[in-house]
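Chain residues, written in single-letter form:
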4 protein chains.
Amino acid sequence: MSKVTTMDVEIRFGDCDPAGIVFFPRYHRWMDAASLHFFMECGIPPWHVLETTTGIIGTPLLEHHTRFVKSATYGERLTIATRIEQWSRKTFVQKHTVTRGEDLICESAETRIFCVRDAEDRRRIRAIPVPEDIRSKCE
Amino acid sequence: MSKVTTMDVEIRFGDCDPAGIVFFPRYHRWMDAASLHFFMECGIPPWHVLETTTGIIGTPLLEHHTRFVKSATYGERLTIATRIEQWSRKTFVQKHTVTRGEDLICESAETRIFCVRDAEDRRRIRAIPVPEDIRSKCE
Amino acid sequence: MSKVTTMDVEIRFGDCDPAGIVFFPRYHRWMDAASLHFFMECGIPPWHVLETTTGIIGTPLLEHHTRFVKSATYGERLTIATRIEQWSRKTFVQKHTVTRGEDLICESAETRIFCVRDAEDRRRIRAIPVPEDIRSKCE
Amino acid sequence: MSKVTTMDVEIRFGDCDPAGIVFFPRYHRWMDAASLHFFMECGIPPWHVLETTTGIIGTPLLEHHTRFVKSATYGERLTIATRIEQWSRKTFVQKHTVTRGEDLICESAETRIFCVRDAEDRRRIRAIPVPEDIRSKCE
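Calculation notes
- Residues numbered from 1 in each chain as written.
- Chains lettered and ligands numbered in written order.
- Predicted model: local features only at pLDDT ≥ 70, side-chain atom pairs only at ≥ 80, totals over all residues.
- Heavy atoms only, no water.
- Helix = DSSP H or I, 4+ residues; strand = E, 2+ residues; numbered from the N terminus.
- Buried < 20%, exposed > 50% of the residue type's maximum accessible area, 1.4 Å probe, protein only.
- Contact = heavy atoms within 4.5 Å.
- Areas by Shrake-Rupley, 256 points an atom, 1.4 Å probe, with all protein chains shown as cover.
- Lys, Arg positive; Asp, Glu negative; His and termini not counted.
- Charge placed at Lys NZ, Arg CZ, Asp CG, Glu CD.
- Expected span 1.5 Å × (residues − 1).
- Axes fitted to C-alpha atoms, helices over the stretch in contact; angles between N-to-C directions.
- Parallel < 35°, antiparallel > 145°, perpendicular 65-115°, else oblique.
- Nonpolar A, V, L, I, M, F, W, Y, C, P; charged D, E, K, R; others polar.
- Buried area = accessible area lost by both parts, 1.4 Å probe.
- Salt bridge = Lys/Arg side-chain N within 4 Å of Asp/Glu carboxyl O.
- Polar contact = N/O pair within 3.5 Å; in protein donor to acceptor, adjacent residues only side chain to side chain.
- 1 Å grid on protein atoms, 1.4 Å probe; cavity = no way out; pocket = protein on both sides within 12 Å on 5 of 7 lines; lining within 4 Å.
- Points joined across faces, edges and corners; volume = space filled by probe spheres on them.
- Least-squares fit on C-alpha atoms with pLDDT ≥ 70 in both.
- Phe/Tyr/Trp six-rings, centres within 6.5 Å; stacked < 30°, edge-to-face > 60°.

**Q** Explain the overall build of chain A residue by residue, including any values.
**A** For chain A, the count of helices and strands is three helices and seven strands. Helices and strands appear in chain A in the N-to-C order β-α-α-β-β-β-β-β-β-α. For chain A, the C-alpha atoms occupy an extent of roughly 45 × 35 × 25 Å along the three principal directions. Looking at chain A residue by residue over its 139 residues, the buried ones come to 58%. Considering only contacts in chain A between residues 6 or more positions apart, those separated by 24 or more positions represent 64%. Accessible surface, chain A as shown: approximately 5800 Å² in total, 48% of it carbon and sulfur. Put simply, chain A has 20 plus and 20 minus side-chain charges, and the middle of one group is 3 Å from the middle of the other.

Here it is in structure tokens:
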């Protein structure tokens, strides 16, 4: 079983496009913030602290599948519920459900990895096995 | 058969995150631009012109599935190749392939709809059947 | 005298650039949100409501002058204090002060106008005199 | 005398706000890209290369003053002309002029510094004197 965390978002004028609705890449920004928020709520330090102790610089995406159900606009408030659906040796699937009151707005399943910088080319990054201590804090 | 269009993107410093790589929602911004670029290259006017003649305000996403293969960083140039893989009565699947030279960086399959404003609540939008004249210009 | 409102911002990973600090256009997004937040806290409806009653679509910027004093990074929390420093017939100056605890991070003076759509070309906008009822609610 | 470089920008749907015009923080993103573009056109390597040879991680802003003259919308093309107006020992003023054909859209004067990471706290940054070899390449 995964912990579930929630994060609230106020939709701003500048989050919306000329159709007057949230421009969809904004949802991905918010879900990325919700991903990190999940780990911090589980007691894991932010990446910049982790980097100094473990070399981990973040949890880049391998893939994601996102479904948009209703549109939303500024002046509205969203809640993002986040949990981890599945752990594998090197990957995990994190699920975000974005709601406005009772309405489902969108949901995404993100497959992510824990990464460190490549020792030979620090501009490149590489995956490491899921750290056991991090996993256990999220369950 | 679908036409295929390409759009080039220069990666900027501000497109990258503290890990030094492109922050993934940026790819979605670029692919959204590539989506509109595709239609304009096929001879369809931009949405703000279409809105005055047809009421169409854009092609919002119903869902998308995106795979990230390699990371990229600023100072690099990407090419986004875009085509339409499938047409249904009310939806279509648009495929974007993002490459850096020979390297596949990421790819996405977006399911989109053509939308007009709702007559009763202009802040809401609703789908219409795919316009035949638009479809024929894309093939 | 102007009312003063405050808005809190959590800095996210994706708000920061490869130097690890907030990419400065983000501050402008937040200050734009703080600008609208100010009006809403003063009892003025959001723009999409105002548009239907008054035609006002927002308060675009004529100019701004921004000073950056200290850098900030993700995991930190900022507070934006906003007030109106000066009213003229068609313009007003809105001042934002961004702090992290005791530290001044940046501050901006924005000169803005109230705008409606141009009747002849709805893609263009034009300024109107500052509405008296809005001004009085902000004082 | 400063060199002058130019950079073109295609305005995208997602660059615009619910009023249908470019959301102003986008101009700052583009001007930041134009700032780096200027240095690269003058023969200076991008920051990630400079960092390995000189420790320089970029040219953060100390302040800027921006004036918005006309609005612009998607489907339009902008040109950003960039030059350095003034050099001081630790700062320089970079000027961007954004035009659409003959029309002035906006212009900004940015005061920037060259920065390296702080040796004691690598999450903080500090200014260094303007490197002579960089300055001479820009004139």
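Once the structure has been displayed, the description carries forward.
**Q** Which residues make up helix α1 (residues 25–41) of chain C, and what values go with them?
**A** Residue and element names in this part refer to chain C. Its 17 residues give α1 an end-to-end C-alpha distance of 24 Å, which sits within 8% of 24 Å, the value for a rise of 1.5 Å per residue. Most of α1 is tucked away: 14 of the 17 residues are buried. Glycine 43 lies just past α1 and shows a positive phi near 95°.

**Q** Please set out the packing of α1(C) against helix α1 (residues 25–41) of chain D residue by residue, giving values where relevant.
**A** Two numbers describe how α1(C) lies on α1(D): the axes approach to 8 Å, and their chain directions differ by 175°. Comparing their axes, α1(D) and α1(C) come out roughly antiparallel. Here Pro25(C), His28(C) and Arg29(C) of α1(C) lie close against α1(D), whose contacting residues are Pro25(D), His28(D) and Arg29(D). Residues belonging to the contact of α1(C) with α1(D) are distributed by class as follows: two nonpolar, two polar and two charged.

**Q** Tell me about the interface of chain B and chain D, residues and numbers included.
**A** Often, the extent of an interface is quoted as the loss of accessible area upon association of its parts. The interface of chain B with chain D comprises 15 residues on the first partner and 15 residues on the second. A buried area of about 1300 Å², summed over both sides, lies between chain B and chain D, and 54% of it is on carbon and sulfur atoms. The interface formed by chain B and chain D includes two salt bridges. The partner of Asp15(D) in a salt bridge is Arg29(B), and the shortest N-O contact between them spans 3.8 Å. The interface formed by chain B and chain D contains two residue pairs in polar contact (both at pLDDT 80 or more). At the level of secondary structure, the elements contributing two or more residues to the side of chain B that touches chain D comprise α1 (25–41) and α2 (47–54) of chain B. Considering every element that reaches the side of chain B that touches chain D, the biggest residue donor is α1(B), with five residues. Split into classes, the residues belonging to the side of chain B that touches chain D amount to eight nonpolar, two polar and five charged.

**Q** So what's going on with the environment of Val9(B)? Which residues, and what values?
**A** Residues and elements named next belong to chain B. Structurally, valine 9 can be placed in strand β1 (residues 4–10). Classification of valine 9 by relative accessible area gives buried; the value is 7%. Taking the C-alpha atoms as reference points, valine 9 and tryptophan 30, 21 residues apart in sequence, are found 7.7 Å from one another.

**Q** Outline empty space enclosed by the protein, listing residues and values.
**A** Scanning the model with the defined rule gives three cavities of 30 Å³ or more in all. Within this model, the largest cavity holds a volume of roughly 120 Å³. Taken together, Pro25(A), Arg26(A), Arg29(A), Pro25(B), Arg26(B), Arg29(B), Pro25(C), Arg26(C), Arg29(C), Pro25(D), Arg26(D) and Arg29(D) make up the lining of the largest cavity. Here the residues of the lining of the largest cavity are counted per class, giving four nonpolar, no polar and eight charged. Lining the second largest cavity are 14 residues, and of these Gly14(A), Cys16(A), Arg29(C), Gly14(D) and Cys16(D) lie nearest its centre. Class assignment for the residues of the lining of the second largest cavity results in four nonpolar, two polar and eight charged.

**Q** Which residues make up the relation of the copies chain A and chain B, and what values go with them?
**A** Rotating chain A by 180° about the axis while translating it 0.0 Å along that axis superimposes it on chain B, leaving an RMSD of 0.0 Å. Put plainly, the chains are arranged around a two-fold axis. Judged by C-alpha distance, His65(A) is the residue of chain A that lies nearest the rotation axis, at 2.2 Å. With an isologous cut-off of 70% or more, the 100% of interface residues of chain A that recur at the interface of chain B puts this contact in the isologous class.

**Q** So what about the packing of aromatic side chains? Which residues, and what values?
**A** Aromatic rings considered in pairs are described by the distance between their centres and by the relative angle of their planes. Residue and element names in this part refer to chain A. For the structure shown, the criterion picks out 40 aromatic pairs over all chains. Ring centres of phenylalanine 23 and phenylalanine 24 lie 5.9 Å apart, and the angle between their planes is 55°; this geometry places the pair in the tilted category. With respect to burial, phenylalanine 23 and phenylalanine 24 carry one shared label: buried. Put simply, the rings of Phe23, Phe24, Tyr27, Trp30 and Phe68 pair up and form one aromatic cluster.

**Q** I'd like a description of the relation of the copies chain B and chain D, backed by residues and values.
**A** One copy of the chain maps onto the second through a rotation about an axis and a displacement along it. Expressed as a screw operation, the relation of chain B to chain D combines 0.0 Å of axial shift with a rotation of 180°, fitting to an RMSD of 0.0 Å. Mapped onto chain D, 100% of the interface residues of chain B are again interface residues, and the two copies thus contact each other with one and the same surface.

**Q** Lay out the side chain of Gln94(D) in plain terms, naming residues and giving numbers.
**A** All names here are of chain D. Tracing the chain through its elements places glutamine 94 in strand β5 (residues 91–100). According to the relative accessible area criterion, glutamine 94 is buried, its value standing at 0%. What glutamine 94 contacts, discounting residues up to four positions off in sequence, is Ser35, Phe38, Phe39, Thr82, Arg83, Ile84, Ser108, Ala109, Glu110 and Arg112.

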